[in-house]
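Descriptive structure summary
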Amino acid sequence: MKLTIPEREIMQPGHLACQGCGASMAMRYALKIFGRDSVLTIPACCWAVIDGPFPYTAVNVPLFHTAFETAAVMASGIKAGLDVQGEKSTNVIAWAGDGGTFDIGIQAISGAAERNDDITYIVYDNEAYMNTGIQRSSATPHGAWTTTTPIKHYKIGAKKNMVEIMSAHRIPYAATASVAYPEDLCKKLEKAKNIRGFKFIHILAPCPTGWKSDPKYTVKLAKLAVQTNIFPIYEIENGLKYTQNKKVKQRKPITEYFKYQGRFKHLKKEEVEFIQKSIDRENEILLKKF
Amino acid sequence: MKKTMIGNHAASWGAQLSRVQVIAAYPITPQTLIVEKLSEIVADGELDAKFIKVESEHSAMSACIGASATGARAYTATSAQGLALMHEMLHWAALARLPIVMTNVNRAMAPGWSIWADQNDSLSQRDTGMMHIFASSSQDILDSTIISYKVSEQVLLPTLISFDAFFLSHTMEVVDMPPITDVDKFLPPYNPEYKLDVNNPRSFGALTSEEHYYEFRYKMQNAMDDAVGLIKKEGREFEKLTGRYYDLVHSYKCEDADLIFVTSGTIAETTNVAVDELRKDGKKVGNLKIRVIRPYPKQDILKAVKNCSKIAVIDRNISCGYHGIFAQELKGALYNESDIPVWGYLAGIGGRDVKVDDIKEIADETFKSKKPVDMIMKGVKI
Ligand SMILES: Cc1ncc(C[n+]2csc(CCOP(=O)(O)OP(=O)(O)O)c2C)c(N)n1
Ligand SMILES: [Mg+2]
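Residues numbered from 1 in each chain as written. Chains lettered and ligands numbered in written order. Predicted model: local features only at pLDDT ≥ 70, side-chain atom pairs only at ≥ 80, totals over all residues. Heavy atoms only, no water.

1. As for the interface of chain B and chain A
With 38 residues of chain B at the interface, the matching set in chain A holds 38 residues. Carbon and sulfur atoms supply 69% of the area buried between chain B and chain A, which totals about 2,900 Å² over both sides. Together, Leu196, Val198 and Leu207 of chain B form the three largest contributors to the area buried by chain B at its contact with chain A, with a combined 20%. Linking chain B with chain A are two salt bridges, by the criterion used here. Here Asp83 of chain A makes a salt bridge to Lys50 of chain B, at a shortest N to O gap of 3.4 Å. Seen at the junction of chain B and chain A, the total is 10 residue pairs in polar contact (both at pLDDT 80 or more). (Contact = heavy atoms within 4.5 Å. Buried area = accessible area lost by both parts, 1.4 Å probe. Salt bridge = Lys/Arg side-chain N within 4 Å of Asp/Glu carboxyl O. Polar contact = N/O pair within 3.5 Å; in protein donor to acceptor, adjacent residues only side chain to side chain.)

Given below as structure tokens:
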């Protein structure tokens with residue numbers, strides 16, 4: 001039987017992720033594809049904890065912990081250091097949360113992308129600062145509750161469109177992906193691995209703790225995010241060539257996605273309708289690009 | 001080979017002679033000429049290095065950290081606002097025990113915007129765990145860069161080499177460039193025991209509980225203590241090659257002095273001239289230049305000042321709310337060990353020129369004064 005996802009396990013059990021953590025699933029797939037000839041750098045985020053305390057590690061590849069806003073440039077520095085020593089084949093991967101990517105780290109990412117440094121930047125997006133206890137980020141969707149956007153002042157404003165920002169740098173490869181579609185995710189990781197230059201992969205990674213959802217629904221929610229079009233799955237090559245990877249024939253209503261999550265529970269009907277309209281409008285814009 | 005060059009270019013050539021492998025830097029006046037020259041040196045193939053043209057100083061230091069963690073020799077240079085922006089990563093470099101050597105051209109912090117000499121920028125980084133040198137000549141800049149890699153790579157601590165804006169950065173001096181074959185004999189390639197190595201996967205800098213963190217600091221402190229001896233030892237090795245010796249402090253005519261100036265940077269060089277003139281007038285003065293402030297050369301200082309009856313510290317910096325930083329440190333060193341009184345003087349803040357006459361005035365004032373003063377703000381217009 002031909003396997004679509006490599007059998008090898010590089011990440012080990014015994015890590016510190018919560019039950020149902022989408023981010024830990026994402027790392028497992030990423031390491032299956034990138035393999036042992038890889039170096040990871042991780043800024044402050046849940047994954048800085050998930051890997052385990054000193055002197056333990058769960059990832060089985062060299063991992064350099066770094067400051068919150070520096071993942072991209074840390075990877076650039078690591079890549080340059082390996083290069084000058086002749087270690088040119090090693091994959092260098094920056095692995096960061098949405099806060100470290102959309103917010104505080106955006107300057108360093110933009111710099112590394114503009115220089116087209118040969119690294120893969122992967123953001124696991126759980127749509128808030130989870131490590132510090134669920135505060136809003138610019139990846140938090142409109143309407144969501146977080147501890148800094150309490151129910152009375154829930155998050156107003158659209159989620160930042162990071163993949164478009166990255167593709168505007170005309171980087172060779174930018175993609176969105178989901179832990180609910182591991183084959184698609186692995187294909188993208190494989191593609192990124194084989195492209196020279198700056199690669200950006202945005203993975204939606206549900207967080208039961210922050211989304212107030214049942215850990216058993218992590219994959220279901222990641223799938224519903226795609227099926228409702230709130231998180232479409234596609235790739236952009238060289239900033240221009242758009243490919244839709246998961247076609248959604250009949251999108252599901254957003255309520256299907258919201259109903260399994262406590263963070264949207266407070267939303268009134270009109271607000272949900274507003275969100276539905278924005279999703280449909282965004283989708284129309286996107287479809288024209290394929 | 002002797003060459004005429006500005007202080008900034010002495011830093012560039014120091015990096016070139018040290019065969020740095022990764023450079024990451026961002027321009028800022030008055031440092032800019034260092035990285036422009038290095039860009040040329042790399043582009044002309046005179047140095048086999050990767051130059052990452054980063055988008056900020058924070059990223060410059062981060063890239064150096066990443067490169068150094070793989071075992072590459074890394075270099076950056078900055079000034080004032082740039083150094084302040086790096087601050088978080090200076091701690092990171094030191095706690096990650098990475099032997100990065102960097103240059104800082106001492107420039108006043110804004111606002112108001114100033115590009116002129118002032119030590120507050122680098123002294124604000126005093127407690128990052130970096131070794132910290134104040135160079136006082138272009139030759140010192142070039143030689144310190146080479147020697148610092150040798151020391152840093154043994155104690156696994158980064159080094160910050162600072163020198164005064166314009167008085168050094170843009171002033172031409174004759175610099176003797178050692179042949180690279182000599183430097184190669186002195187400075188072997190960097191080959192750390194622990195690095196990012198796919199054949200030996202480890203995590204660096206992970207979550208650390210109170211069970212371990214204290215011990216990291218203990219080890220850093222030991223490394224700093226070791227550095228005192230190593231700076232001297234490698235200084236002597238370097239002297240064998242070049243005839244030039246660099247110590248943590250340099251004392252000039254201190255042995256029989258009644259009054260000793262304690263100085264740093266270019267003010268130290270001016271003070272040597274003032275000492276000669278004052279001696280001609282029969283005044284027994286000496287000058288103790290503090291070249292290295294971290295590790296703090298307490299024993300060397302105590303030895304150098306032990307016979308004098310008064311000390312006058314000249315600070316081109318201020319810790320507002322207290323006083324000059326070299327004066328604070330010196331008084332801390334003397335306490336419990338000696339009762340020589342200390343006069344603290346502020347001079348040259350924000351690039352104001354400090355002339356031989358100013359130093360002679362300080363000597364007169366200190367000789368006349370009966371009671372030591374924490375801080376006398378020389379020349380302040382009020
Ligand atoms: C400069 C700086 N500011 C703030 C923090 C505190 N901090 C650590 S992790 C974090 C949030 C991380 O959020 P995200 O990147 O989304 O990752 P997640 O925790 O959700 O996995 C914050 C605010 C920090 N470490 N450094
Ligand atoms: Mg997050």
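2. Thoughts on the side chain of Asn104 of chain B
Along the polypeptide, Asn104 of chain B turns up in strand β5 (residues 101-106). A polar contact of 3.1 Å, which involves the side chain of Asn104 of chain B, links it to the side chain of Asp121 of chain B. (Helix = DSSP H or I, 4+ residues; strand = E, 2+ residues; numbered from the N terminus.)

3. A look at the site of ligand 1
Residue and element names in this part refer to chain A. Taken together, 17 residues lie near ligand 1, and Gly99, Gly100, Tyr124, Ala128 and Asn131 sit nearest. In the model, an oxygen atom of ligand 1 is placed 3.0 Å from a nitrogen or oxygen of the Asp98 side chain. Between ligand 1 and Gly99, the relevant distance is 2.8 Å, taken from an oxygen atom to a main-chain nitrogen or oxygen of the residue. Taking 590 Å² as the accessible area of ligand 1 by itself, protein coverage stands at 76%. (Near = heavy atom within 4 Å. Areas by Shrake-Rupley, 256 points an atom, 1.4 Å probe, with all protein chains shown as cover.)

4. Quick notes on the pairing of β5 of chain B
All names here are of chain B. Of all six residues in β5, six are buried; the element is thus mostly enclosed. Judged from the five bridges that link them, strand β4 (residues 74-79) and β5 form a sheet pairing that is parallel. Residue Thr78 lies in a different strand from β5, and its bridge partner there is Asn104. In the classification by handedness, the crossover that spans β4, the intervening helix α4 (residues 80-95) and the parallel β5 is right-handed. (Buried < 20%, exposed > 50% of the residue type's maximum accessible area, 1.4 Å probe, protein only. Pairing = 2+ DSSP bridges. Right-handed = clockwise from strand over helix to strand, strands pointing away.)

5. Remarks on the packing of aromatic side chains
What the rule picks out here adds up to 18 aromatic pairs over all chains. With centroids separated by 6.0 Å and ring planes inclined at 25 degrees, the aromatic side chains of Trp95 of chain A and Tyr124 of chain A adopt a geometry described as stacked. Taken together, the residues span a long stretch of sequence, with Trp95 of chain A in strand β3 (residues 91-97) and Tyr124 of chain A in strand β4 (residues 120-125) at a distance of 29 residues. Given a relative accessible area of 0%, Trp95 of chain A falls into the buried group. Here Tyr124 of chain A falls in the buried class, since its relative accessible area comes to 1%. Between Tyr234 of chain A and Phe290 of chain A, the aromatic rings sit 5.8 Å apart at their centres with planes inclined by 75 degrees, giving edge-to-face as the arrangement. Taken together, the residues span a long stretch of sequence, with Tyr234 of chain A in strand β7 (residues 234-237) and Phe290 of chain A in the segment after α11 (269-287) at a distance of 56 residues. One aromatic cluster is present, formed by Trp211, Tyr257, Phe258 and Phe264 of chain A through successive ring pairs. Over the ring of Trp211 of chain A we find Arg263 of chain A, and its NZ or CZ is 3.9 Å from the ring centre. One residue, Lys3 of chain B, lies across the ring of Trp13 of chain B, its end atom 4.5 Å from the ring centre. (Phe/Tyr/Trp six-rings, centres within 6.5 Å; stacked < 30°, edge-to-face > 60°. Lys NZ or Arg CZ within 6 Å of the ring centre and 35° of its normal.)

6. Topic: the packing of helix α10 (residues 298-305) of chain B against helix α11 (residues 325-334) of chain B
All names here are of chain B. Packing of α10 against α11 leaves a shortest axis separation of 10 Å and a crossing angle of 80 degrees. The pairing of α10 with α11 is recorded here as roughly perpendicular in orientation. Residues Lys298, Ile301, Leu302 and Val305 of α10 form the contact with α11, whose own contacting residues are Leu330, Ala333 and Leu334. (Axes fitted to C-alpha atoms, helices over the stretch in contact; angles between N-to-C directions. Parallel < 35°, antiparallel > 145°, perpendicular 65-115°, else oblique.)

7. Some details on the coordination of the magnesium ion (ligand 2)
Residue and element names in this part refer to chain A. On the protein side, the magnesium ion (ligand 2) has Asp98 (OD), Asn126 (OD1) and Ala128 (O) as donor atoms, found 2.0 to 2.1 Å from it. Site description for the magnesium ion (ligand 2): donor spacing in sequence, D-x27-N-x1-A. Taken together, the positions of Asp98 in helix α4 (residues 98-103) and Asn126 in the loop between β4 and α6 (162-167) put the pair 28 residues apart, joining distant regions of the chain. (Donors = N, O, S within 2.8 Å, 3.2 Å for Na, K, Ca; no water.)

8. Some remarks on the domain arrangement of chain B
Residues and elements named next belong to chain B. Under the domain assignment used here, chain B contains domain 1 (2-242) and domain 2 (250-377). Between domain 1 and domain 2, a total of about 2,200 Å² is buried, with carbon and sulfur atoms accounting for 54% of that surface. A salt bridge links Asp300 to Lys232; its shortest N-O distance comes to 2.4 Å. For the interface between domain 1 and domain 2, the tally reads 17 residue pairs in polar contact (both at pLDDT 80 or more). Put simply, the parts of the chain that give the side of domain 1 that touches domain 2 at least two residues each are α5 (120-123), β6 (131-134), α6 (138-155) and α8 (213-242). Top element by residues in the side of domain 1 that touches domain 2 is α8. It accounts for five residues. Of the residues belonging to the side of domain 1 that touches domain 2, the class tally is 15 nonpolar, six polar and six charged. (Domains from an automatic or database assignment. Nonpolar A, V, L, I, M, F, W, Y, C, P; charged D, E, K, R; others polar.)

9. Overview of the nonpolar core
With 62 residues, the main nonpolar core has Met27, Leu40, Trp47, Trp95, Ile122, Leu189 and Tyr257 of chain A as its most contacted residues. A total of eight residues in this core trace back to one element, the largest contributor, which is helix α1 (residues 22-34) of chain A. In this view, Leu189 of chain A contacts Tyr29, Ala30, Ile33, Phe34, Ile122 and Ile201 of chain A; residues no more than four positions away in its chain are not counted. The next biggest cluster of nonpolar side chains, apart from the first, holds 59 residues, and it includes Ala80, Ala96 and Ala174 of chain A together with Ala93 of chain B. (Core = buried A, V, L, I, M, F, W, Y, C linked by side-chain atoms within 4.5 Å.)

10. Some thoughts on the sheet that holds β5 of chain B
Residue and element names in this part refer to chain B. Judged by pairing direction, the sheet is mixed, and its seven strands sit side by side in the order β3-β2-β4-β5-β7-β6-β13 without closing on themselves. Of all the strands in the sheet, just β3 (50-52) and β13 (292-294) have a single pairing partner and so form its edges. Neighbouring strand axes in the sheet, compared pairwise and without regard to direction, differ in orientation by 20 degrees on average. In terms of strand pairing, β5 meets strand β7 (residues 159-164) through six bridges, oriented parallel. In the sheet register, Val101 faces β7, and the bridge partner there is Thr159.

11. Section: the sheet that holds β7 of chain A
The mixed open sheet is built from nine strands, whose spatial order is β8(A)-β7(A)-β5(A)-β6(A)-β4(A)-β3(A)-β1(A)-β2(A)-β9(B). Strand pairing shows two members of the sheet lacking a second neighbour, β8 (241-244) of chain A together with β9 (203-204) of chain B, which therefore form its edges. The sheet contact formed by strand β1 (residues 38-42) of chain A and β3 of chain A spans four bridges and is parallel. Residue pairing in the sheet places Leu40 of chain A in a bridge with Ile93 of chain A of β3 of chain A. Across the sheet, helix α3 (residues 71-84) of chain A is in contact with β1, β2 (63-65), β3 and β4 of chain A; its angle to β3 of chain A comes to roughly 170 degrees.

12. Quick notes on α3 of chain A
For an α-helix the count is 3.6 residues per turn, leaving residues at separations of three or four pointing the same way. Residue and element names in this part refer to chain A. The first and last C-alpha atoms of α3 sit 20 Å apart over 14 residues, in line with the 20 Å expected at 1.5 Å per residue. The buried count for α3 comes to 13 of 14 residues, which makes it a mostly enclosed element. Following α3 by one or two positions, Gly86 has its phi on the positive side, about 85 degrees. (Expected span 1.5 Å × (residues − 1).)

13. Side note on the environment of Tyr246 of chain B
Residue and element names in this part refer to chain B. Tracing the backbone through its elements, the reader meets Tyr246 in the loop between α8 and β10 (249-252). Of the residues examined, Tyr246 reaches a relative accessible area of 9% and is grouped as buried. A sequence separation of 235 residues divides Tyr246 from Ala11, and the C-alpha atoms of the two residues are 16 Å apart. Excluding residues that lie within four positions of it along the chain, Tyr246 makes contacts with Gln139, Asp140, Asp143, Ile147, Ile231, Gly235, Phe238 and Arg291. Among the polar contacts made by the side chain of Tyr246, one reaches the main-chain carbonyl oxygen of Gln139 at a distance of 3.5 Å. For Tyr246, the side chain forms a polar contact with the side chain of Asp143, separated by 2.6 Å.

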